[in-house]
Amino acid sequence: MFFPHYHEHIRFGSLSIDRTGISGYGGYSMVLKEMAIKDRATVFEENLILFVKRHRIVAGDPIPLGYRAPWIKRDSLAIAKIGKRLTHTSTEADFSNLLVNSDTRDTDCIEVHIYGPIHCRAIEYLSGSKPRQRADQVLLKSVIKKLKEIGVTVEIS
């Protein structure tokens, strides 16, 4: 419904200002270089699946206006979504928690839709936890080595 005839080319992410991802989406988070995605990314007010449920959208319905923006207007979409909850005493951490709230069953975020593949040189930062399985540890070690060779910051705890 949202990406007719090209849905297989869309990569999903979430907007964050503190490099944290959404825990329910996987054990690792990546920060992508803006230069690598700015011309092929849009932002959406929330997770598309939750949006469709909340607004009772069915196939063929038009997508309501005002919920999607190009990458360059992501700040306007964020302010429209959470601006009322900010105060003059709000901190960067408060803003970050309002932007990505993964404490609930239905994670609230601003979803990012990126058209096309994500090349390893688009990655700026990777974080996550050390896997428990030996085979996964070996694989992760190889990935980390390759990422560090191209200048990616990696934090594994």
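Predicted model, so just to flag it, every value in this text is computed and none were measured.

(A) Quick look at the layout of surface pockets. Approximately 880 Å³ is the volume attributed to the largest pocket. Lining the largest pocket are 33 residues, and of these Gly13, Ser14, Met30, Val31 and Leu32 sit closest to its centre. Mapped by element, the contributors of at least two residues to the lining of the largest pocket are strand S1 (10-14), strand S2 (28-32), helix H1 (34-37), helix H3 (74-82), helix H4 (92-99) and strand S5 (111-115). In terms of residue count, S2 provides more of the lining of the largest pocket than any other element does, five residues in total. Of the residues contributing to the lining of the largest pocket, the split by class is 18 nonpolar, seven polar and eight charged. By volume, the second largest pocket amounts to about 150 Å³. Lys130, Arg134, Gln137, Val138, Leu140, Lys141, Ile144 and Ile156 together form the lining of the second largest pocket. A per-element tally of the lining of the second largest pocket places helix H5 (residues 134-149) first, with six residues. Grouping the amino acids of the lining of the second largest pocket by side-chain chemistry returns four nonpolar, one polar and three charged.

Scoring rules and cut-offs
- Residues numbered from 1 in each chain as written.
- Predicted model: local features only at pLDDT ≥ 70, side-chain atom pairs only at ≥ 80, totals over all residues.
- Heavy atoms only, no water.
- 1 Å grid on protein atoms, 1.4 Å probe; cavity = no way out; pocket = protein on both sides within 12 Å on 5 of 7 lines; lining within 4 Å.
- Points joined across faces, edges and corners; volume = space filled by probe spheres on them.
- Helix = DSSP H or I, 4+ residues; strand = E, 2+ residues; numbered from the N terminus.
- Nonpolar A, V, L, I, M, F, W, Y, C, P; charged D, E, K, R; others polar.

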